[in-house]
Amino acid sequence: MSGAFCKSLYPFSGEQHQQGLRFEAGEVIKVVQAVPGGWWEGEKDGARGWFPSSYVQVLERTASLSQLPMEDHREPLPPHWKCYVSPQGRQYYVNTTNNETTWERPSSVPGTPKTPMRHKNSLPTVNGFHSGGSPLHRLEHQHNSLVRKSSSEPQSPGSPTRKQSKETAATINCVTFPLPAFMPEQHLLKPNEWSYCDYFWMDKKESPSNGSITGFEILLQKQLKGKQMQKEMAEFIRERIKIEEEYAKNLSKLSQIPLASQEEGTLGEAWAQLKKSLADEAEVHLKFSSKLQSEVEKPFLTFRENFKKDMKRFDHHISDLRKQLVGRYASVEKARKALAERQKDLELKSQQLEIKLSNKTEEEIKKARRKSTQAGDELMRCVDLYNQSQSRWFEEMVTTSLELERLEVERVEMIRQHLCQYTTLRHETDMFNQSTMEPVDKLLQCVDPIRDRELWVKENKTGEIRPVDLEV
């Protein structure tokens, strides 16, 4: 097919493809590359690009050169008129604006009559060429038109066919995503942030044995790790409380030992005060351990329990939406198969009608056409339901992702606040060890959940392409 010439049947703006070739009806295009799938690469007037193959009619090789537009060196043609040569070598002229065709050369002088081209069957002309008299354009077969009319999906010459539309998207886990070659520009929902709802749409493959996991599962695993870390932090604080209680108990015990209690005078007073200070310090550490338990450990565990309930709720919610998508997609495929069977049955009945007309066969034709129309309606209904489910899934994914971000910020902020409380209590307990707490304070002040999310998203993101509606 490469190197052949084709004639455009309809105008094409080129906007439906990133590298589209723009042309008007009735123009000749050189085919550079004819690939399966409905889109060809062509060249016209030095410009190169892609166009739908259903928009053109391939010229016969024996007549392709003779039917290219030719230059007429006499007086110039009026605007919008072009000169062509028929396969028999006769010149004719076509008005590219209103598709008027004539054997006689049109004159630039207004009012000059022209003799239009006529064929014995008076067939209609399309873009200046008769459907039966020229190889440039032929009407489609009658039963193909019958099948098209029977379906509930009218196709205009200016719209791509269903097959072409379907190949612009891929289906992964019953969710449709646009292919990179046909992907429209998708703006980030939160362009100034590294937000979960912008980078976790595609599935992520782990290993051949484990298969793939969805983007939402990756987000969920992140939150579950946060829940586990919070549990371990609570255990750490609990161990710290045990140390404080044991330390306070030992200080209190030491303050009650009657060693050197017989010392008298000012030295005896100082010694007695030293032992009393141990008892006071023991009391301070005991209060510190009690505050750690009520103000740090207990909030950690309470928040973790609520966090676990939220994660379970989100997991079930998104899983239910996934199941709905799977069901809707199965309905679409079932309806599509039913439509194909009905159209096949209609085509078979149409062929029988061409062989022998009878009242019974006509009735079967009407019945088959009615069933085909019903199947087309059912397919459209299933596709609408699927698109509604996918739209809801999209909205819920965004909403849930933002809610996960809020919970993550809340979790990190809560941990930061209570760890700050820990350091505050620690300062109140032992001012002499302040220097050991300063690095912890500095690092806690630098905790930034937004920055943490950016680093994590960069490392774990699965894809930015969001789902699109399933086309019929």
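Now for a description of the structure that goes with this document. (Residues numbered from 1 in each chain as written. Predicted model: local features only at pLDDT ≥ 70, side-chain atom pairs only at ≥ 80, totals over all residues. Heavy atoms only, no water.)

The helix and strand inventory of the chain stands at eight helices and 14 strands. Sorting the 472 residues of the chain into buried and exposed places 38% on the buried side. Partitioning the intrachain contacts of the chain with sequence separation of at least 6 by distance along the chain shows that 65% fall at a separation of at least 24. Carbon together with sulfur atoms contributes 52% to the accessible area of the chain, which is approximately 27,700 Å² in total. (Helix = DSSP H or I, 4+ residues; strand = E, 2+ residues; numbered from the N terminus. Buried < 20%, exposed > 50% of the residue type's maximum accessible area, 1.4 Å probe, protein only. Contact = heavy atoms within 4.5 Å. Areas by Shrake-Rupley, 256 points an atom, 1.4 Å probe, with all protein chains shown as cover.)

What follows deals with the pairing of strand β2 (residues 28-34). In summary, the side chains of a regular strand alternate between the two faces of the sheet. Direction of pairing for strand β1 (residues 5-8) relative to β2: antiparallel, over a ladder of three bridges. Bridged to Cys-6 within β2 is Ile-29. Here β2 runs beside strand β3 (residues 39-44); their pairing, made up of four bridges, is antiparallel. When the bridges of β3 are listed, Lys-30 appears paired with Glu-43. (Pairing = 2+ DSSP bridges.)

Tallied over the entire structure, the rule returns 22 salt bridges. We note a salt bridge from Lys-44 to Glu-27, for which the minimum N-O separation is 3.7 Å. Here Lys-44, found in strand β3, pairs with Glu-27, found in the loop between β1 and β2; they are 17 residues apart in sequence, far enough to count as distant. There is no split in this pair, since Lys-44 and Glu-27 are both buried. Between Lys-242 and Glu-239 there is a salt bridge, with the nearest N and O atoms lying 3.6 Å from each other. In this pair, Lys-242 and Glu-239 both sit in helix α4 (residues 215-255), three residues apart, roughly one turn of the helix. Given the relative accessible area of 44%, Glu-239 is considered partly exposed. Residues participating in the shared-partner salt-bridge network are Lys-190, Glu-193, Glu-405 and Arg-453. (Salt bridge = Lys/Arg side-chain N within 4 Å of Asp/Glu carboxyl O.)

It is worth spelling out the sheet that holds strand β4 (residues 47-52) at this point. Pairing is antiparallel across the open sheet formed by five strands, whose spatial order is β4-β3-β2-β1-β5. Where the open sheet ends on each side, the last strands, each with one partner, are β4 and β5 (56-58). With strand direction ignored, the average angle separating the axes of adjacent strands in the sheet is 40°. As defined by bridge partners, β3 adjoins β4 across six bridges and the pair is classed as antiparallel. In the strand pairing of β4, Lys-44 is matched with Ala-47. (Axes fitted to C-alpha atoms, helices over the stretch in contact; angles between N-to-C directions.)

Residues Leu-254, Ile-257 and Leu-259 make up a contiguous nonpolar surface patch of roughly 270 Å² in combined accessible area. One can find Ile-257 in the loop between α4 and α5 (265-355). (Patch = residues over 30% accessible without salt bridge, like charges linked within 9 Å, V, L, I, M, F, W, Y side chains within 5 Å.)

Within soluble globular proteins, side chains that are nonpolar generally end up buried alongside one another. Grouped together as the largest cluster of nonpolar side chains are 49 residues, with contacts concentrated most on Phe-200 and Trp-393. Every element with two or more residues in this core is listed here: β12 (175-178), α4, α5, α6 (359-429) and α8 (449-460). With 15 residues, α5 is the largest single contributor of residues to this core. By size, the runner-up hydrophobic cluster in this structure holds 12 residues, among which are Cys-6, Leu-21, Trp-50 and Phe-51. (Core = buried A, V, L, I, M, F, W, Y, C linked by side-chain atoms within 4.5 Å.)

What follows covers the packing of aromatic side chains. Scanning the model with the defined rule gives 13 aromatic pairs in all. Seen from their ring centres, Phe-12 and Phe-23 are 5.7 Å apart, and the 35° between their planes marks the pair as tilted. Of the two residues, Phe-12 is situated in the loop between β1 and β2 and Phe-23 in the loop between β1 and β2; the sequence distance between them amounts to 11 residues. Seen from their ring centres, Phe-23 and Phe-51 are 5.8 Å apart, and the 85° between their planes marks the pair as edge-to-face. Highlighted residues: Phe-23 in the loop between β1 and β2 and Phe-51 in strand β4, separated in sequence by 28 residues. Accessibility classification places Phe-23 together with Phe-51 in one group, the buried group. Here the guanidinium or amino end of Arg-453 rests over the ring plane of Tyr-196, the centre of that ring lying 5.8 Å away. (Phe/Tyr/Trp six-rings, centres within 6.5 Å; stacked < 30°, edge-to-face > 60°. Lys NZ or Arg CZ within 6 Å of the ring centre and 35° of its normal.)

Before going further, it helps to examine unusual backbone geometry. Within the chain, Asp-45 stands out as a residue other than glycine whose phi angle is a positive 55°. Its place among the elements puts Asp-45 in the loop between β3 and β4.

A rise of 1.5 Å per residue sets the reference length of α8, with its 12 residues, at 16 Å; its end C-alpha atoms lie 16 Å apart and thus fit the reference within 8%. Restricting attention to buried positions, one finds in α8 the residues Pro-449, Arg-453, Glu-454, Trp-456, Val-457 and Asn-460. Two or three places before Ile-450, at the opening of α8, Asp-448 has a side-chain oxygen 3.1 Å from that residue's backbone nitrogen. (Expected span 1.5 Å × (residues − 1). Polar contact = N/O pair within 3.5 Å; in protein donor to acceptor, adjacent residues only side chain to side chain.)

Here Gln-343 lies in helix α5. According to the relative accessible area criterion, Gln-343 is buried, its value standing at 18%. When the C-alpha positions of Gln-343 and Lys-371 are compared, they lie 8.6 Å apart, and in sequence the two are 28 residues distant.

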